[in-house]
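# Reading the structure
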Amino acid sequence: AQKVTQAQTEISVVEKEDVTLDCVYETRDTTYYLFWYKQPPSGELVFLIRRNSFDEQNEISGRYSWNFQKSTSSFNFTITASQVVDSAVYFCALSESFNAGGTSYGKLTFGQGTILTVHP
Amino acid sequence: GAGVSQTPSNKVTEKGKYVELRCDPISGHTALYWYRQSLGQGPEFLIYFQGTGAADDSGLPNDRFFAVRPEGSVSTLKIQRTERGDSAVYLCASSRDGRRVGYTFGSGTRLTVV
């Protein structure tokens with residue numbers, strides 16, 4: 001069964017520190033997608049990144065970077081030079097393929113989330 | 001519309017009452033999902049619609065929960081005989097075709113059962 005584990009419940013850092021959020025997943029699929037979402041206090045889930053299971057290249061987007069290692073089933077997220085506005089709950093999620101009525105579709109399994117607090 | 005719209009944003013109801021939560025997906029998105037997020041947890045899958053039909057309702061916790069999407073656009077999640085344990089944020093997401101990419105979430109409906 002698919003499962004996503006975010007072992008860090010809460011992380012607290014001081015502004016400008018680097019911080020890494022861990023994500024480990026379990027899946028029976030050979031093709032799947034991994035996601036990171038940010039949930040600020042307003043409650044909306046904000047999409048950050050999607051990674052295909054066949055693409056293990058690390059990705060950098062501004063202060064954000066992601067390290068995907070299929071061998072260890074991990075998809076970690078690093079924020080460089082953190083800022084107060086980065087304070088939020090961050091979710092890692094896995095999307096596997098399912099079939100119903102002849103149609104293939106995906107549904108997301110989320111981790112429990114990591115609460116990140118960045119202090120000024 | 002430009003995004004996924006959910007109404008109401010907040011709903012307080014008494015135990016035992018019936019509630020309806022509405023989701024208006026992005027125009028043209030055929031796939032629609034409902035998730036439930038309890039306090040301190042990640043969202044959990046409830047139901048998936050492809051067009052008008054519920055292709056996967058394996059996440060609905062019991063028969064008090066029901067969802068419809070009669071015209072393949074707006075969806076309504078219905079909860080009968082609400083219980084305090086139903087208190088959560090109910091999130092709706094849509095995607096163009098449900099093929100594992102491009103989910104857009106709404107802001108959710110915070111349901112409180114007192």
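Now for a look at the structure at hand. What you see is a predicted model, and the numbers here were worked out from it, not measured in a lab. (Residues numbered from 1 in each chain as written. Chains lettered and ligands numbered in written order. Predicted model: local features only at pLDDT ≥ 70, side-chain atom pairs only at ≥ 80, totals over all residues. Heavy atoms only, no water.)

### Concerning the nonpolar core
All names here are of chain A. Convention followed: We call a set of buried Ala, Val, Leu, Ile, Met, Phe, Trp, Tyr and Cys residues a nonpolar core when their side-chain atoms join them within 4.5 Å. The rule is simple: take the accessible area with a 1.4 Å probe, protein chains only, and divide by the maximum for that residue type; under 20% is buried, over 50% is exposed, in between is partly exposed. Under the DSSP-based scheme used, a helix requires at least four consecutive residues in state H or I and a strand at least two consecutive residues in state E, with every element numbered from the N terminus.
Core analysis: the biggest nonpolar cluster contains 24 residues, and Trp36, Trp66, Phe77, Tyr90 and Leu116 have the highest contact counts within it. Those elements that place two or more of their residues in this core are strand E2 (10–14), strand E3 (19–21), strand E5 (33–39), strand E6 (46–52), strand E8 (64–69), strand E9 (74–79), strand E10 (88–100) and strand E12 (114–119). The element that contributes the greatest number of residues to this core is E10, accounting for 4 residues.

### A short note on the pairing of E12(A)
Residue and element names in this part refer to chain A. Test applied: We call two strands paired when DSSP finds no fewer than two bridges between them.
Covered by surrounding structure in E12 are Thr114, Leu116 and Val118 only, the residues Ile115, Thr117 and His119 on the alternate face being uncovered. Pairing between E2 and E12: 5 bridges, direction parallel. What sits directly across from Ile11, in E12, is Leu116.

### Some words on the interface of chain B and chain A
Note on interface size: it is often stated as the accessible area lost on association of the parts. Rules: When checking whether two residues touch, look at their non-hydrogen atoms; a contact exists if any pair is within 4.5 Å. In short, buried area is how much 1.4 Å probe accessible area vanishes from two parts on joining, totalled over both. Any carboxyl oxygen of Asp or Glu that lies within 4 Å of a side-chain nitrogen of Lys or Arg is treated as forming a salt bridge with it. Two N or O atoms count as a polar contact when they lie within 3.5 Å, although within protein this holds only if one can serve as hydrogen donor and the other as acceptor, and sequence-adjacent residues are included solely when both atoms are side-chain atoms. Throughout, the ten residues Ala, Val, Leu, Ile, Met, Phe, Trp, Tyr, Cys and Pro are labelled nonpolar, Asp, Glu, Lys and Arg are labelled charged, and all others, Gly among them, are labelled polar.
Counting residues at the interface gives 22 residues for chain B and 23 residues for chain A. Taken together, the two surfaces of chain B and chain A that pack against each other cover about 1900 Å², and 53% of this comes from carbon and sulfur. Between Lys107(A) and Asp56(B) there is a salt bridge, with the nearest N and O atoms lying 2.8 Å from each other. One can count 7 residue pairs in polar contact (both at pLDDT 80 or more) joining chain B with chain A. Looking at the side of chain B that touches chain A, the element that brings in the most residues is strand E4 (residues 31–37) of chain B, giving 3 residues. For the side of chain B that touches chain A, a count of residues per class yields 10 nonpolar, 9 polar and 3 charged.

### Details of the packing of aromatic side chains
The condition is simple: Geometry of aromatic contacts follows a simple scheme: Phe, Tyr and Trp rings, the Trp one being its six-membered ring, pair when their centres are within 6.5 Å, and the pair is stacked under 30 degrees between planes, edge-to-face over 60, tilted otherwise.
Tallied over the full model, the rule gives 22 aromatic pairs over all chains. What links up through ring pairs into an aromatic cluster is the set Phe35(A), Tyr37(A), Phe47(A), Phe91(A), Phe110(A), Tyr33(B), Tyr35(B), Phe45(B), Tyr48(B), Tyr103(B) and Phe105(B).

### Some words on unusual backbone geometry
That bond from Thr7(B) to Pro8(B) is cis: its omega, -10°, falls within 30 degrees of zero. Looking at where Pro8(B) falls in the secondary structure, it is placed in the loop between strand E1 (5–7) and strand E2 (10–13). We note that Ala81(A) has phi near 50°; this positive angle belongs to a residue other than glycine. Residue classification places Ala81(A) among the partly exposed residues on the basis of a relative accessible area of 32%. Of note in this structure, Arg81(B) is not a glycine but carries a positive phi near 45°.

### Section: the state of the cysteines
Selection criterion: Two cysteine sulfur atoms make up a disulfide if the distance between them is within 2.5 Å.
Per the counting criterion, the structure on display carries 2 disulfides over all chains. Paired by a disulfide, Cys23(A) and Cys92(A) hold their sulfur atoms 2.0 Å apart. What sets the handedness of the Cys23(A) and Cys92(A) disulfide is the S-S torsion sign, and at about -65° it is left-handed. Taken together, the positions of Cys23(A) in the loop between E3 and strand E4 (24–26) and Cys92(A) in strand E10 put the pair 69 residues apart, joining distant regions of the chain. Judged on exposure class, the residue Cys23(A) and its partner Cys92(A) are both buried. Covalently, Cys23(B) is tied to Cys92(B) through a disulfide, its sulfur atoms 1.9 Å apart. Between Cys23(B) and Cys92(B), the S-S torsion sits near -65°, and that sign places the bridge as left-handed. Of this pair, Cys23(B) sits in strand E3 (residues 19–24) while Cys92(B) is found in strand E9 (residues 88–95), placing the two residues 69 residues apart along the sequence. Comparing Cys23(B) with Cys92(B), the two get one shared label, buried.

### Some remarks on the sheet that holds strand E8 (residues 75–79) of chain B
The strands that make up a sheet pair up through hydrogen bonds in the backbone, lying either parallel or antiparallel. All names here are of chain B. Spelled out, the test is: Orientation is described by lines fitted to C-alpha atoms, with helices fitted over the stretch in contact, and by angles between N-to-C directions that extend from 0 to 180 degrees.
Taken in spatial order, the 4 strands of this open sheet run E1-E3-E8-E7, and their pairing is antiparallel. Either end of the sheet is taken by a strand with one partner, and the two such strands are E1 and strand E7 (65–68). Ignoring which end each strand starts from, the neighbouring axes of this sheet average 15° apart. Pairing of E3 with E8 involves 5 bridges; the strand directions are antiparallel. From the neighbouring strand, Arg22 faces E8, where its bridge partner is Thr76.

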